[in-house]
Amino acid sequence: MSGNSLPSRVLIIDDSALQRTFAEQLCHTLGIHTTLQASDGLQAIELLRLDASIQAIILDLEMPGLDGIQVLHELVRLQLDPAVVVASARESVLLNVVESMGNSLGVRLLGVLQKPLTLAQLAGCLGRIAPRVALQEPPAQRPQGPLLSADDLQRALREGEFQCYVQPKVALADGRLCGVEGLIRWQHPQHGLLAPAAFIDLLEQSPFMSAVTLQMLDMALGHCQRGHAEGLTLSCSINVSAPSLADSRLADAIIERVAASGMAPALVTLEITESAIMTDLSTTLGTLARLRLHGFGLSVDDYGTGFSGMLQLSRVPCTELKVDRAFVDGASKNPQLRVLLESALDIGRKLNLRVVAEGVETLEDWQLLRQLQCDEAQGYFIAKPMPGEALLPWWRSNQARIRRLTETANVLCEDPALSAASSSVSA
Ligand code: C2E
Ligand code: CA
Ligand code: CA
């Protein structure tokens, strides 16, 4: 069963002799004949320092002396680079933490397994080992984004370089297209189409944020109204960041523009992150309260990621909770995420708020959200953000697929041509 994709020399680190022997037998069955053993972390580190040909380790977490987590830190500190399979009998939530921690430390983690080990799981993990790359070479620097200046922003605002992409939100109960979220893109004359990550911080620190928010509002209203002309009642959500909320003139400007557009304020939702609500509370809360008085929807964006989300909910007159994708993506497979998702839904229901799940990427997560009676879903599973003009053609060719998702468990893939065209910039 040995293949050249499996490591040929493996160190098993476990304080239980029985567990070491068991892991060794599994390795032998897989055709890995050279196994070494260490009964604690210190001994393991010594072996790894002496023997550079150890390609992989199977690491227990609970050990006297140096425990498994300390071993991972030592590997990084000493620049030792074996591939690592963590094997522990501890609860899966702890194993998830170890996995994230290992990955963020930069350990070459092949997997985290819950004991008792099985042959198939171990083979799967060890089989992920990649040939060792030149160790001494420092990791490639992340390519630096284009250098953008405040002058650039001013020109972009003046010349209309900002674009409003839209991402559909659909009702989980019946697959109806309920509305869109406007997401900013910058069609830069030199750098091409830029996603918000490349410029949103600069924009927020500039004097132009509120003006850009208003441009986005106008464009998003326009896209929704094209839907209205075709008989679709679409709500329009835009993102409003902390500096704009602290601008006491913003509420008036929004009220005026929405009135001028003829759109009902109840169909317009302002998405505000929890951290934005925290800053400069009095002006921010004043802006939010006025908008709510005029009938606008207010959504707590990225719900669950802020530190005192629940407290903010009692202070802000919101109408919608937008559950962060960290709690949505993979919730169907991860019981801990599922509990957090359920509790967000529960809070939303008790406070009489509409709950929107963002970051829905799979059929399984979609089905879970339906089962949990979440109101609306948004995510790549439905559609990636697309230019506003692509919305109605997208809906025409995808509505049958989405409606069917509310009747049966059939998946029909999104029209690939459209999805490619609509996602030149995403996430
Ligand atoms: P957000 O408001 O949380 O928007 C959702 C982000 O998640 C969008 O990224 C969207 O493309 C991405 N997304 C949607 N579905 C999925 C999915 O299924 N999987 C994954 N992995 N990602 C998904 P985008 O467009 O890059 O925007 C990033 C952030 O930039 C937004 O996060 C928002 O905070 C900010 N932003 C975007 N447009 C504006 C704007 O007009 N004004 C302000 N102030 N902020 C904006
Ligand atoms: Ca948002
Ligand atoms: Ca969000």
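Preceding this section is the structure that the text describes.
Parameters and conventions
Residues numbered from 1 in each chain as written. Chains lettered and ligands numbered in written order. Predicted model: local features only at pLDDT ≥ 70, side-chain atom pairs only at ≥ 80, totals over all residues. Heavy atoms only, no water. Donors = N, O, S within 2.8 Å, 3.2 Å for Na, K, Ca; no water. Helix = DSSP H or I, 4+ residues; strand = E, 2+ residues; numbered from the N terminus. Buried < 20%, exposed > 50% of the residue type's maximum accessible area, 1.4 Å probe, protein only. Arc of directions from axis to C-beta. Contact = heavy atoms within 4.5 Å. Polar contact = N/O pair within 3.5 Å; in protein donor to acceptor, adjacent residues only side chain to side chain. Pairing = 2+ DSSP bridges.

**Student:** Can you help me understand the coordination of the calcium ion (ligand 3) in this one?
**Tutor:** For a metal bound by four donors in tetrahedral geometry, the ideal donor-metal-donor angle is 109.5 degrees, whereas six donors in octahedral geometry ideally sit at 90 or 180 degrees. Protein ligation of the calcium ion (ligand 3) involves D301 (OD), D302 (OD), E358 (OE) and E358 (OE), the donor distances falling in the range 2.2 to 2.5 Å. The motif formed by the donor residues of the calcium ion (ligand 3), counted along the single chain, is D-D-x55-E. Here the calcium ion (ligand 3) and the calcium ion (ligand 2) are spaced 4.0 Å apart, and both take D301 as a donor. Of the two residues, D302 sits in strand 11 (residues 297–303) while E358 sits in strand 13 (residues 354–358), which places them 56 residues apart along the sequence. On the accessibility criterion, D302 (24% relative accessible area) is partly exposed. For E358, a relative accessible area of 12% corresponds to the buried category.

**Student:** What is the right way to read helix 2 (residues 41–50) from this model?
**Tutor:** Working note: α-helix, 3.6 residues per turn, so residues spaced by three or four point in the same direction. All buried positions along helix 2 are accounted for by G41, A44, I45 and L48. For helix 2, the angular spread of the buried residues around the axis is 100 degrees, confining them to a single face. Facing away from the buried side of helix 2 by more than 90 degrees, the exposed set consists of L42 and L50. Taken together, the buried residues of helix 2 touch strand 1 (9–13), strand 2 (34–38), strand 3 (56–59) and helix 3 (68–77). Structurally, the start of helix 2 carries an N-cap: the backbone nitrogen of L42 is 2.9 Å from a side-chain oxygen of D40.

**Student:** Would you explain the pairing of strand 9 (residues 235–239) in this entry?
**Tutor:** On a regular strand, one side chain projects to one face of the sheet and the next to the other, so that they alternate. Most of strand 9 sits out of view: four of its five residues are buried. With four bridges connecting them, strand 9 and strand 10 (residues 268–273) associate as parallel partners. Looking at strand 10, one finds that I238 is bridged to L270.

**Student:** Please explain unusual backbone geometry as it appears in this structure.
**Tutor:** Excluding glycine, residues mostly have negative phi values, and the peptide bonds linking residues are mostly trans. Cis peptide bonds are those with omega within 30 degrees of zero, and the linkage from K115 to P116 qualifies with 0 degrees. At N352, a position not held by glycine, the phi torsion is positive, near 65 degrees. Its place among the elements puts N352 in the loop between helix 15 (335–350) and strand 13. In this structure N352 comes out as exposed when scored by relative accessible area, which is 71%.

**Student:** Help me out: how do you make sense of the coordination of the calcium ion (ligand 2) in this one?
**Tutor:** For the calcium ion (ligand 2), the full set of protein donor atoms is E181 (OE), N239 (OD1), E271 (OE) and D301 (OD), at a range of 2.2 to 2.3 Å. A relative accessible area of 6% places D301 in the buried class.

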